[in-house]
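The lines below spell out each chain.
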Amino acid sequence: MKKTCVMLTIATMLFTSLFTVIYLSASGGYDYSTALNYSIIFYDANKCGPEAGNDNFFSWRGACHTTDGSVRGLDLAGGFHDAGDHIKFGLPQAYSASVLGWALYEYKDVFDSTGNTDKLLSTLKHFTDYFLKCYPEPGTFYYQVSDGQIDHTYWGAPEEQTGPRPVPYVADESNPASDVLGLTSAALTKMYLNYKNIDADYANECLRVAKELYQMGKNNPGHYKLGAYYRSNSFWDDLAWAATWLYVAENDNSYLPEIDSYLSNNTFLGQTPFENKWTMCWDDMYMAVFCKMAELTGEQKYINAMNYNLDYWMNSLTTTPDGLRHLDVWGALRYASAEAMLAMLYYEQTGNESLKEFAKSQIDYALGDNKNNMSYLIGFGSNYPKHPHHRAANGYTYAGGENSNPAKHLLVGALVGGPDAQGNYVDDVNLFQHTEVAIDYNAGFVGALAAITKYYGNLTSPPPTSDPELLWYEVGDINLDGKIDTTDLVLMRRYILEIIDKLPYEDMDNLRIPIADVNGDGYINSTDYMLMRRYILEIITEFPVEYDIYGNIVN
Ligand SMILES: [Zn+2]
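From a predicted model like this one, the values you see are computed outputs, not experimental measurements. (Residues numbered from 1 in each chain as written. Predicted model: local features only at pLDDT ≥ 70, side-chain atom pairs only at ≥ 80, totals over all residues. Heavy atoms only, no water.)

Caption draft 1: Structural context of the overall build of the chain. Counting its secondary structure elements, the chain contains 19 helices and 4 strands. Relative to the globule expectation of 24 Å for 555 residues, the C-alpha radius of gyration of the chain, 24 Å, shows essentially globular dimensions. Dimensions along the principal axes, computed over C-alpha positions, put the chain at roughly 80 × 55 × 45 Å. Excluding contacts between residues fewer than 6 apart, the proportion of contacts in the chain whose partners are at least 24 apart in sequence is 72%. With an accessible surface of roughly 20800 Å², the chain has 49% of that area assigned to carbon and sulfur atoms. Here the chain holds 37 positive side-chain charges and 70 negative ones, and the gap between their average locations is 2 Å. (Helix = DSSP H or I, 4+ residues; strand = E, 2+ residues; numbered from the N terminus. Rg over C-alpha atoms; globule rule 2.2 N^0.38 Å. Contact = heavy atoms within 4.5 Å. Areas by Shrake-Rupley, 256 points an atom, 1.4 Å probe, with all protein chains shown as cover. Lys, Arg positive; Asp, Glu negative; His and termini not counted. Charge placed at Lys NZ, Arg CZ, Asp CG, Glu CD.)

Structural data, given as structure tokens:
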């Protein structure tokens, strides 16, 4: 799907309804360490290249796009598919690796104690291996493989995709791309920091390339190619972000005046970046810069910038009636998650409890504390989206509209885009602004979850041992469309009368629940039919049986 710029909504947002919110401590809590584990696992679903199937949680993923780059005589295999499609975009990959690397750098103890460090490191290395390939010689950096016009006509498994995989864009002396160069530099510098005690040679190579990419972006300042997806509104923020992490890695004060000079530029709206009403995302790294620089320097201008932004988010930004800070209709949860990560990192600096409670409220919302009682993290809890916009997990094709069926495979750990400004969520594969998943969505979510786990989670719990690849559906939802209605009743009747010999759910991978056996007696017969009928007529409001994910009767 087209990722057009969404920041123009800022201007209108300033005049939308403003709420003052009092934060109540949410009662109870969620299994944050499991949510953290799942949200890292998700990246396996979007791995690309000949090694995509190695060390992959998902049995339905394997090697794909193994000759990427060959049209230019290059090896650009590897990296990550962007979202529900199979394009490899430079900017959101760099953003994702940069934020995930930041999360590991700040919360390594949490990843260690929850058993997640190795998986996150191997995920990060899959990113940085690819970034290094994208820089085949000094002064030349490739930042995209495939193309929206080509890729989006295909709905199917990445392993089976054929057709051209162009390499449309390059940064070099005559083509600036300070945005993607800055973000990639920052991702590589963090890999250096996170990896230098594991493999010093690899870490040093990451730092060498990080410095050269930063120099490229600095010496030839400018946006990347007009017309490309994910083109960012500013590149000064990305250069400042790169310089911030080189300053961390090298402790060289000469980066500080460079950062100041980048931040003296106004945003594309003609405003100072120090009064920012957006949040950290692939298009805007100002808040990330301010957060880290406030910690590193203690300078008042950075503290003021953090206070301004967080006050706006906590007290003025449009909020759904059930509590989600709603920055934009496209992927609302990613923004709230990224802001939650910033709030937690700033909490570490300030000890301001309201920041922590705000962050928890947004993460709890994503995990099920919302009016739909739905976990927007797939596989987490018992009620989560069944129709994510993701070709590999979906398992069908466009033929006959089959891709609107529930996904064949459980996309464990994917954070969907999320609800609209009213908190409504329609689980429809075609509503990609709400149901798509993406590598950038999960990045801030992983960081926020690590921080929330530190304060509210169980730090001694090992990674989950249950098999989250099993699917869960409501008893009675025979056609798996998310509701129990006369369509289900008709199917059951036809089955009992032996007009059909199989029910639709019997073909589902990893579904153990006998959906049509609504009284749990081991048979599908007229007793079930009668109960279904009474349920649909609202004579009864629940069935006499409940199953767990394995199909065992629990009630
Ligand atoms: Zn691929």
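Let us keep going from here.
Caption draft 2: Region of the structure containing the packing of aromatic side chains. Under the counting rule described, the total for this entry stands at 34 aromatic pairs. When the ring of Tyr143 is compared with that of Tyr169, the centres are 5.7 Å apart and the planes differ by 15°; the resulting orientation is stacked. Note that Tyr143 is positioned in the loop between β2 (141-142) and β3 (144-145) and Tyr169 in the loop between α6 (148-151) and β4 (170-171), a separation of 26 residues in sequence. With a relative accessible area of 3%, Tyr143 lands in the buried category. Tyr169 sits in the buried class, given a relative accessible area of 15%. Taken together, a centroid distance of 6.3 Å and an interplanar angle of 40° make the contact between Phe274 and Tyr302 tilted. One end of the pair, Phe274, is in the loop between α10 (255-263) and α11 (286-297); the other, Tyr302, is in helix α12 (residues 300-315), with 28 residues separating them in the sequence. A connected cluster of aromatic rings, assembled from ring pairs, spans Phe42, Tyr43, Phe80, Phe127, Tyr130 and Phe131. (Phe/Tyr/Trp six-rings, centres within 6.5 Å; stacked < 30°, edge-to-face > 60°. Buried < 20%, exposed > 50% of the residue type's maximum accessible area, 1.4 Å probe, protein only.)

Caption draft 3: Local environment of the coordination of the zinc ion. Each protein donor to the zinc ion is listed here as Cys48 (SG), Cys64 (SG), His65 (ND1) and His81 (NE2); together their distances run 1.9 to 2.3 Å. Along the chain, the residues donating to the zinc ion are arranged with the sequence spacing C-x15-C-H-x15-H. The class of Cys64 is buried, set by a relative accessible area of 2%. (Donors = N, O, S within 2.8 Å, 3.2 Å for Na, K, Ca; no water.)

Caption draft 4: Molecular detail of the confidence of the model for the chain. Looking at the chain as a whole, its pLDDT mean stands at 91, while 93% of the residues score no less than 70. With pLDDT under 50 throughout, residues 1-27 is counted as low confidence; its partners more than four residues away or in other chains account for 57 contacts. (pLDDT = per-residue confidence, 0-100.)

Caption draft 5: Seen up close, the side chain of Asp322. Along the polypeptide, Asp322 turns up in the loop between α12 and α13 (332-350). Of the side chains with opposite charge, Lys371 lies nearest to the buried Asp322, which makes no salt bridge, at 5.6 Å. Of note is the side chain of Asp322, whose polar atom sits 2.6 Å from the side chain of Thr320. Separated by 3.0 Å, the side chains of Asp322 and Tyr365 make a polar contact. Among all residues touching Asp322, those that are not within four sequence positions of it are Tyr365, Asp369, Asn370, Lys371 and Gly423. (Salt bridge = Lys/Arg side-chain N within 4 Å of Asp/Glu carboxyl O. Polar contact = N/O pair within 3.5 Å; in protein donor to acceptor, adjacent residues only side chain to side chain.)

Caption draft 6: Expanded view of the domain arrangement of the chain. For the chain, the assigned domains read domain 1 (2-26 + 475-536) and domain 2 (32-456). Averaged C-alpha coordinates put domain 1 and domain 2 at centres separated by 31 Å. (Domains from an automatic or database assignment.)

Caption draft 7: Main features of helix α18 (residues 486-496). Every buried residue belonging to α18 is among Asp488, Leu489, Leu491 and Met492, and all of these are buried. Buried residues of α18, viewed axially, fall in a sector of 160°; they line one side. At its buried positions, α18 is contacted by α19 (526-536). Where α18 terminates, the next one or two residues include Glu498, which has phi positive at roughly 60°. (Arc of directions from axis to C-beta.)

Caption draft 8: Structural context of the pattern of salt bridges. Taken as a whole and judged by the stated rule, the model has 22 salt bridges. Glu159 is the salt-bridge partner of Arg61, the closest N and O atoms lying 2.5 Å from each other. Highlighted residues: Arg61 in the loop between α2 (32-41) and β1 (88-89) and Glu159 in the loop between α6 and β4, separated in sequence by 98 residues. Using a relative accessible area of 5% as the deciding quantity, one classes Arg61 as buried.

Caption draft 9: Region of interest: the side chain of Arg391. When you line up the elements, Arg391 lands in helix α15 (residues 391-394). At 4.7 Å, Asp151 is the nearest oppositely charged side chain to Arg391, a buried residue that forms no salt bridge. Within the structure, Arg391 has its side chain in polar contact with the backbone oxygen of Tyr154 (distance 2.6 Å). Excluding residues within four positions of it along the chain, Arg391 makes contact with Gly84, Asp85, His86, Asp151, His152, Tyr154, Trp155, Gly156 and Tyr398.

Caption draft 10: Main features of the environment of Tyr473. Looking at the element boundaries, Tyr473 is found in the loop between α17 (439-456) and α18. Classification of Tyr473 as buried rests on a relative accessible area of 3%. Between the C-alpha atoms of Tyr473 and Ser382, which are 91 residues apart in sequence, the distance is 8.1 Å. If we ignore the near neighbours within four places in the chain, the residues touching Tyr473 are Lys386, Pro406, Leu480, Met508, Leu511, Ile513 and Ile515.

Caption draft 11: Structural view of the nonpolar core. Among the nonpolar cores identified, the biggest contains 176 residues, and Trp102, Phe111, Phe141 and Met280 are the most heavily contacted of them. Sort the elements by how many residues they give to this core and α13 lands first, with 13 residues. Each of domain 1 (2-26 + 475-536) and domain 2 (32-456) accounts for three or more of the residues forming this core. Those residues in contact with Phe111, other than ones at most four positions away along the chain, are Leu36, Ile40, Ala103, Leu104, Asn116, Thr117, Leu120, Val446 and Ala450. (Core = buried A, V, L, I, M, F, W, Y, C linked by side-chain atoms within 4.5 Å.)

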